[in-house]
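Below, each chain spelled out in residue letters.
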Amino acid sequence: MSRKTTINRETKETQIQLCMNLDGKGEVQANTGIGFLDHMLSSFGKHGFFDLDVKVTGDLFVDGHHTVEDTGIVLGQAVKEAVGDKKGIKRYGHCILPMDDALILCAVDLCGRPYLSFEASILAKEVGGLSTELVEEFFYAVSYKAGMNLHIKMLSGKNSHHIIEGMFKAFGKALDQAVSKEPRLLDVLSTKGSFD
């Protein structure tokens, strides 16, 4: 069964098309207008083995907020749609990822209930044209639109680039684990038999 989806979203602030294949090879084309965000999406896809094609036109003349948040919204929608009824998936995923000075913990539960816990101290105000305060906004949008519990915690780190990139890579690896198939599981991984 194909776990691919294409999401189109158009508002007065952004126009986004995102294609995602959960069972890909980590091939990513990202053009959001924010170079560092493109790099982060590439890191997420590469390390999660997700194929992504992301095209965003946003009101960057205002700032990056709408572009970053709306990209997160659409990515969350894509994950939710591509994973489908969740039968046979592992549901949970986690990763503790080192990136030089940075050590990042990420844990995911595709339970259908949105929740974000984000703990990090990022010193730089901006990295590569991306306002660092928007990193939390991005993950909030993903978690709420995907209906996932998402915990991201900086265990250590000084370099803002390394910290943020570590988050995206760890999220990719944790999500890959959560959406992967468990051959012993014939239904959803829940004692209730449902995620509702």
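Higher on the page you've got the structure.
As a starting point, this report considers the structure included with it. (Residues numbered from 1 in each chain as written. Predicted model: local features only at pLDDT ≥ 70, side-chain atom pairs only at ≥ 80, totals over all residues. Heavy atoms only, no water.)

Further remarks concern the nonpolar core. Counting residues in each nonpolar core, the largest one holds 57 residues, and the members touching the most others are Met-20, Val-108, Phe-139, Met-148, Phe-171 and Leu-175. Element by element, the count of residues in this core is highest for helix H4 (residues 160–179), at ten residues. Sequence-distant contacts of Val-108, defined by excluding residues within four places in its chain, comprise Arg-91, Tyr-92, Gly-93, Met-148, Asn-149, Leu-150, Phe-171, Ala-174, Leu-175 and Ala-178. (Core = buried A, V, L, I, M, F, W, Y, C linked by side-chain atoms within 4.5 Å. Buried < 20%, exposed > 50% of the residue type's maximum accessible area, 1.4 Å probe, protein only. Helix = DSSP H or I, 4+ residues; strand = E, 2+ residues; numbered from the N terminus. Contact = heavy atoms within 4.5 Å.)

A word on the packing of aromatic side chains. As enumerated under the stated definition, the model contains eight aromatic pairs in all. Measuring from ring centre to ring centre gives 5.3 Å for Phe-138 and Phe-139, while their planes differ by 85°; the resulting arrangement is edge-to-face. Here Phe-138 and Phe-139 have matching classes, each one buried. Taking 5.6 Å as the distance between ring centres and 90° as the angle between the ring planes, the aromatic pair formed by Phe-139 and Phe-171 counts as edge-to-face. With a gap of 32 residues between them, Phe-139 in helix H3 (residues 134–146) and Phe-171 in helix H4 connect regions that are remote in the sequence. Across this residue pair, the class does not change: Phe-139 and Phe-171 are buried. (Phe/Tyr/Trp six-rings, centres within 6.5 Å; stacked < 30°, edge-to-face > 60°.)

On the surface, Tyr-115, Tyr-140 and Tyr-144 cluster together into a nonpolar patch covering about 310 Å² of accessible area. Tracing the backbone through its elements, the reader meets Tyr-144 in helix H3. (Patch = residues over 30% accessible without salt bridge, like charges linked within 9 Å, V, L, I, M, F, W, Y side chains within 5 Å. Areas by Shrake-Rupley, 256 points an atom, 1.4 Å probe, with all protein chains shown as cover. Salt bridge = Lys/Arg side-chain N within 4 Å of Asp/Glu carboxyl O.)

Here the focus is the packing of helix H1 (residues 35–48) against H4. Packing of H1 against H4 brings their axes to within 7 Å, and their N-to-C directions diverge by 35°. When you trace H1 past H4, the crossing you get is right-handed. Facing H1, whose interface residues are Phe-36, His-39, Met-40, Leu-41, Ser-43, Phe-44, His-47 and Gly-48, H4 presents His-161, Ile-164, Glu-165, Phe-168, Lys-169, Phe-171, Gly-172, Lys-173, Leu-175 and Asp-176. Looking at the contact of H1 with H4 residue by residue, the class counts come to eight nonpolar, six polar and four charged. (Axes fitted to C-alpha atoms, helices over the stretch in contact; angles between N-to-C directions. Left-handed = near helix turned anticlockwise from the far one by under 90°. Nonpolar A, V, L, I, M, F, W, Y, C, P; charged D, E, K, R; others polar.)

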